[in-house]
Amino acid sequence: MPAGRFAFFMNLPTIVFLCVVLVYPILYAGYLSVHKVGLAQLRRGDFPFNGWENYGRVLEDPLFWIGIKNTLAFAAITVGSEVVLAIAIALLINQAGVWTSRVTRLLILLPYAVPPICNGLIWSFLYSFQFGFLNRILFSLGLTDAPINWAGDPDTALYALTVPYVWRTLPFAIILVHAALQGIPRELYEQAAIDGADAWRRFRHVTWPMLRQIITIILILRTAFAFAVFEEILAITQGGPGDSTWVAAWYSYKITFSPPNNFGMGSASAFILALMIGAIALVYLRLVYRRVTV
């Protein structure tokens, strides 16, 4: 059997599995997005075609744009924080040579092993207005005289959500950046040192250009996941107080599973969100990505 055909048959189970769990749901959601689908239609099994009506209703809904605004702010804060912290921490453990320590690896990777919904529940207890550990620390340090309602104040709720999200997802970025640093030839740093470059110039002219590709990957992946943040919202604020943490994924969930259960509009909002993520990815590729040859 030719090698190409053998490779195809070996990968066929994976291809079938991906089609079942990924391709089919996406295509079916696209089908629902151009049909009128509610509880009444589900009971009858009849989904009338309504063209772009669902997309128009989503784009005219003020709540959708509130969700987009909050999502953009959430993504900007979390993704920016992840990239900066990941580079700083990866450089630190790379210079100190502590990555080989099992304790270091455990501490860095542990947050990424926590399920998102569990992470949200943990931080909801930490943020608790009356019994939260965070307020207790501030009291003990004398930094506040009254408890702070971190997740219950419209002015702080969205920012409070960024902390547990970054805590959970930061290890992913650290691992990628650290792996990229390991691939940078030491000769480049030695040559830069011979030329009299200080630490900042070595980072700017050697490290950063070599990290562009992996940073682009991190930006695209983390932005996509930040736009789809849901579990922390569900566990900590449920979109409140008011609409201060009403993000795009929460809008899709509520419009789909809250009465009158408009599955067509929910699917349409999800596709609009996917298009936005794709557009942002193209911007990243344009502004950040550069091919580097050594």
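Keep in mind the model is a prediction, meaning the values are calculated, not measured.

Caption draft 1: Representation of the overall build of the protein chain in the model. Counting its regular elements, the protein chain contains 13 helices and zero strands. Reading the secondary structure of the protein chain in the N-to-C direction produces α-α-α-α-α-α-α-α-α-α-α-α-α. Projected onto the principal axes, the alpha-carbon positions of the protein chain cover approximately 75 × 75 × 35 Å. Counting only residues that meet the buried cut, the protein chain has 39% of its 294 residues in that class. Once local pairs closer than 6 in sequence are excluded, the contacts in the protein chain between residues at least 24 apart make up 69%. Put simply, the protein chain shows about 17000 Å² of open surface, and 68% of that area lies on carbon and sulfur atoms. Each charge sign in the protein chain was given a centre, from 20 positive and 15 negative side chains, and these centres are 8 Å apart.

Caption draft 2: Inspection of helix H1 (residues 3-33) at higher detail. Spanning 31 residues, H1 covers 41 Å between terminal C-alpha atoms, matching the ideal 45 Å at 1.5 Å per step. Of all the bends found along H1, the most pronounced is centred on asparagine 11 and spans about 45°, while proline 13, a proline, follows it within four residues.

Caption draft 3: Molecular detail of the packing of aromatic side chains. Counted according to the given criterion, the structure contains 16 aromatic pairs. Ring pairs connect the aromatic residues Phe230, Trp250, Tyr253, Phe257 and Phe263, which therefore count as one cluster.

Caption draft 4: Structural context of the environment of leucine 109. Topologically, leucine 109 is positioned in helix H5 (residues 102-113). Overall, leucine 109 belongs to the partly exposed group, its relative accessible area being 34%. Between the C-alpha atom of leucine 109 and that of isoleucine 174, which follows or precedes it by 65 residues, the distance is 9.2 Å. Setting aside chain neighbours within four positions, we find leucine 109 in contact with Pro171 and Ile175.

Caption draft 5: Here's a closer look at the packing of helix H9 (residues 186-194) against helix H10 (residues 199-227). Remark: H9 packs on H10, axes separated minimally by 10 Å, with the N-to-C direction vectors making an angle of 150°. Once H9 is placed against H10, the crossing between them reads as right-handed. In this structure, H9 uses Leu188, Tyr189 and Ala192 to contact H10, whose residues at the interface are Arg202, Val206 and Thr207. Partitioned by chemical class, the residues of the contact of H9 with H10 number four nonpolar, one polar and one charged.

Caption draft 6: Quick look at the nonpolar core. Membership of the largest hydrophobic core comes to 58 residues, with the highest contact counts inside it found for Val58, Phe74, Val83, Val177, Leu211, Ile215 and Leu219. Counting residues per element, the ones that place at least two in this core are helix H3 (53-59), helix H4 (62-96), helix H8 (157-182), H9, H10, helix H11 (231-237), helix H12 (248-257) and helix H13 (263-287).

Caption draft 7: Looking closely at the side chain of threonine 245. Within the fold, threonine 245 resides in the loop between H11 and H12. At 2.8 Å, the side chain of threonine 245 forms a polar contact with the side chain of threonine 237. Apart from residues no more than four positions distant in its own chain, threonine 245 is found in contact with Asn70, Ala157, Leu158, Leu161, Ile233, Thr237, Gly239 and Gly240.

Caption draft 8: Highlighting a positive patch on the surface. Among the surface-exposed residues, Lys36, Arg43, Arg44 and Arg57 lie close enough to one another that they form a single positively charged patch. For lysine 36, the position within the fold is in the loop between H1 and helix H2 (39-44). Residue lysine 36 is classed as partly exposed on the basis of its relative accessible area, which comes to 49%.

Cut-offs used in this document
Residues numbered from 1 in each chain as written. Predicted model: local features only at pLDDT ≥ 70, side-chain atom pairs only at ≥ 80, totals over all residues. Heavy atoms only, no water. Helix = DSSP H or I, 4+ residues; strand = E, 2+ residues; numbered from the N terminus. Buried < 20%, exposed > 50% of the residue type's maximum accessible area, 1.4 Å probe, protein only. Contact = heavy atoms within 4.5 Å. Areas by Shrake-Rupley, 256 points an atom, 1.4 Å probe, with all protein chains shown as cover. Lys, Arg positive; Asp, Glu negative; His and termini not counted. Charge placed at Lys NZ, Arg CZ, Asp CG, Glu CD. Expected span 1.5 Å × (residues − 1). Bend = angle between axes of the 7 residues up to and from the residue. Phe/Tyr/Trp six-rings, centres within 6.5 Å; stacked < 30°, edge-to-face > 60°. Axes fitted to C-alpha atoms, helices over the stretch in contact; angles between N-to-C directions. Left-handed = near helix turned anticlockwise from the far one by under 90°. Nonpolar A, V, L, I, M, F, W, Y, C, P; charged D, E, K, R; others polar. Core = buried A, V, L, I, M, F, W, Y, C linked by side-chain atoms within 4.5 Å. Polar contact = N/O pair within 3.5 Å; in protein donor to acceptor, adjacent residues only side chain to side chain. Patch = residues over 30% accessible without salt bridge, like charges linked within 9 Å, V, L, I, M, F, W, Y side chains within 5 Å. Salt bridge = Lys/Arg side-chain N within 4 Å of Asp/Glu carboxyl O.

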